[in-house]
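Listed here are the chains, written in short residue letters.
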Amino acid sequence: MLTRYIGRLHPLKADVVKRGAHKCTSILDTASSEAIGKPAKVQGWVRALRKMKDNVFVDISDGSTCEMLQVVMPKAIKPDELRYGSSVRVKGELTSAPNGKMELRATEVRVIGACNVSEDGYPFAPRKKYDPDYIRQYLHLRPRTRGFSSLLRLRDLASAVIGDYLRDRGFVSVHTPMLTSNDCEGAGEVFVVRPQSKEVVESMRKEGQTEDEIYFDTAAFLTVSGQLHLEAVARALTKVYTFGPTFRAENSKSRLHLSEFYMLEAELAFLTSIEDLMEEVELLVKRVTERMIEKGASDLRAIGALDPQWLNKTFACLTYEDALNVLNDNASQLQRPLKYGEAFTKEHELFLVQHNDGVPVFVVNWPKEIKPFYMKECADDASKVAALDLLVPGVGELVGGSMREDDYEKLELKLPPTGNLSWYLDLRKYGNVPTGGYGMGFDRFLQCVLGIGNIKDTVPFPRWPHNCNL
Ligand SMILES: NC(=O)C[C@H](N)C(=O)O
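Here the structure is a predicted model, which is why all the values come from computation and not from measurement.

**Considering the UniProt feature "domain: Aminoacyl-transfer RNA synthetases class-II family profile" (unreviewed entry) in the protein**
Stage number 1. UniProt marks residues 164-460 with the feature "domain: Aminoacyl-transfer RNA synthetases class-II family profile" (unreviewed entry), using the numbering shown here.
Stage number 2. This span, residues 164-460, is 31% helix and 23% strand, and a straight line between its end C-alpha atoms measures 23 Å.

**Quick look at the environment of aspartate 54**
Stage number 1. Relative to the assigned elements, aspartate 54 resides in the loop between strand S1 (39-51) and strand S2 (55-61).
Stage number 2. Note: C-alpha distance between aspartate 54 and alanine 76 (22 residues apart in sequence) is 8.5 Å.
Stage number 3. Aside from chain neighbours lying at most four places away, what touches aspartate 54 is Met73, Pro74 and Lys75.

**Overview of the sheet that holds S1**
Stage number 1. As summarised here, the arrangement of the 5 strands in space is S1-S2-S3-S5-S4, forming a closed barrel in which the pairing is mixed. Each neighbouring strand pair of the sheet contributes to a mean axis angle of 55 degrees, computed without reference to strand direction.
Stage number 2. Bridge count between S1 and S2: 6 bridges; the pairing is antiparallel. Residue pairing in the sheet places alanine 48 in a bridge with aspartate 59 of S2.

**Re the pairing of strand S17 (residues 435-441)**
Stage number 1. Here S17 lies mainly inside the structure; 7 of its 7 residues are buried.
Stage number 2. Along S17, one buried face is formed by Thr435, Gly437, Gly439 and Gly441 and the opposite face, lined by Gly436, Tyr438 and Met440, is buried too.
Stage number 3. Pairing between strand S16 (residues 396-403) and S17: 5 bridges, direction antiparallel. Bridging from a neighbouring strand, valine 399 pairs with methionine 440 of S17.

**Some words on the site of the ligand**
Stage number 1. In the vicinity of the ligand, the residues found are Glu185, Ser225, Gln227, Arg248, Met263, Glu265, Tyr374, Gly400, Arg404, Gly437, Tyr438 and Gly439.
Stage number 2. Tyrosine 374 has a polar side-chain atom sitting 3.3 Å from a nitrogen atom of the ligand.
Stage number 3. One of the side-chain nitrogen or oxygen atoms of arginine 404 is found 3.0 Å away from an oxygen atom of the ligand.
Stage number 4. Ranked by the residues each element gives to the shell around the ligand, the list is headed by S17, at 3 residues.
Stage number 5. When its residues are assigned to classes, the shell around the ligand shows 3 nonpolar, 5 polar and 4 charged.

**Description of the domain arrangement of the protein**
Accessible area lost when the parts come together is the quantity often used to give the size of an interface.
Stage number 1. Per the domain assignment, the segments of the protein are domain 1 (27-128), domain 2 (149-176 + 224-457) and domain 3 (189-223).
Stage number 2. Here the C-alpha centroids of domain 1 and domain 2 sit 44 Å apart.
Stage number 3. In this assembly, 5 residues from domain 1 lie in contact with 5 residues from domain 2.
Stage number 4. For the pair domain 1 and domain 2, the summed buried surface comes to about 290 Å²; carbon and sulfur atoms form 54% of the total.
Stage number 5. The interface formed by domain 1 and domain 2 contains 0 salt bridges.
Stage number 6. Between the two partners, domain 1 and domain 2, sit 1 residue pair in polar contact (both at pLDDT 80 or more).
Stage number 7. In the side of domain 1 that touches domain 2, the residues fall into 1 nonpolar, 3 polar and 1 charged.

Cut-offs applied
Residues numbered from 1 in each chain as written. Predicted model: local features only at pLDDT ≥ 70, side-chain atom pairs only at ≥ 80, totals over all residues. Heavy atoms only, no water. UniProt positions renumbered as here; feature names shortened; annotations may be inferred. Helix = DSSP H or I, 4+ residues; strand = E, 2+ residues; numbered from the N terminus. Contact = heavy atoms within 4.5 Å. Pairing = 2+ DSSP bridges. Axes fitted to C-alpha atoms, helices over the stretch in contact; angles between N-to-C directions. Buried < 20%, exposed > 50% of the residue type's maximum accessible area, 1.4 Å probe, protein only. Near = heavy atom within 4 Å. Polar contact = N/O pair within 3.5 Å; in protein donor to acceptor, adjacent residues only side chain to side chain. Nonpolar A, V, L, I, M, F, W, Y, C, P; charged D, E, K, R; others polar. Domains from an automatic or database assignment. Buried area = accessible area lost by both parts, 1.4 Å probe. Salt bridge = Lys/Arg side-chain N within 4 Å of Asp/Glu carboxyl O.

Now the structure itself:
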């Protein structure tokens, strides 16, 4: 038995470098000029089909690229079940088509799974353009649409580019917990977590404990931010980030909100000014966007994304009061003016960007009352905190960040009474350093860079109120 297993290791090893489906060439790899004249076997799904006099021309995609491979097969070898949407395996020889593209001259075609378009009410037809609202009704079939498969590859690319960029700059990735007892932002938007099993609850029930406290002896939530944990790790590893799902129970179905979204959060020890933090954020947004444009050109073209106009411009910086003045000077163009001490609405955010010719705007030095407890007071005005919001076209707030309160006494006074945060205060006791950090909504970043109107079209299976069925 063991001998047989070991005997099989060699072919498996050889397979590791192959990108295609099992023992096949990926369509991405068929595009190389070295492939001309070579035999190939590809697997994928039929995206278009044209019948000519002697031959049938079939476009196949396998998700390795937004390009499709044209397969030419004599009518005689076309299986009956080869239709739009069917999955197929094709053997043949790669040649260069008259249009310069690669073509597979099929010698053998096998349908793996037929697609019964008419009987099953398959919602998509070849070469038809559909509205995103229509496509979103079929989340399980949406990855098969050309645009959404490009989106998924671009989302993957952006994740990889962010990781590479931050690692290049000396950040260490940290997995902060999804289950937590703190509501970092203090906005009460947490999802509460409890065990479902009656047996577990019964076996753990203690005198006087509430239902929420049964499992962890404290209320437990899905994380709204990994920041507080990152601050602990930054005081040992200096530059850290976390990138993962984040949960907010907001009652919003807007085109900019999800109940579960991905957030990139970074924390830097020894950082002493909001200006340095702004520089970090501006660099991140620009460098990651540049690398995406460089590496994702064909998918960006496929979804019709245009290069952002702001890439080579310096982001503007307004204080909260400057921003308030701009908004009040232009009150006639707004549905609702802003009063001092209020948070911006989406209308205010988008107006400020538009007013800056579509170039992103930082807003800094916010009134203390409307920001969370962990933010550091401004040195010259204790009514304000050294916080930033980055506002970008199409989206409004993309990044939020701040210098963190590092003064033990001041923080002690502001610490929320619930959430067991004495450990957080402790961080200021032992080898304390100033830190600052930010959180960038990853899905909103994609919306902004790719020009996608609705955030639900940046995530494979979006969650929003009344939508967690699939
Ligand atoms: N890490 C951060 O600064 C992000 C911040 N905690 C937020 O959720 O807005």
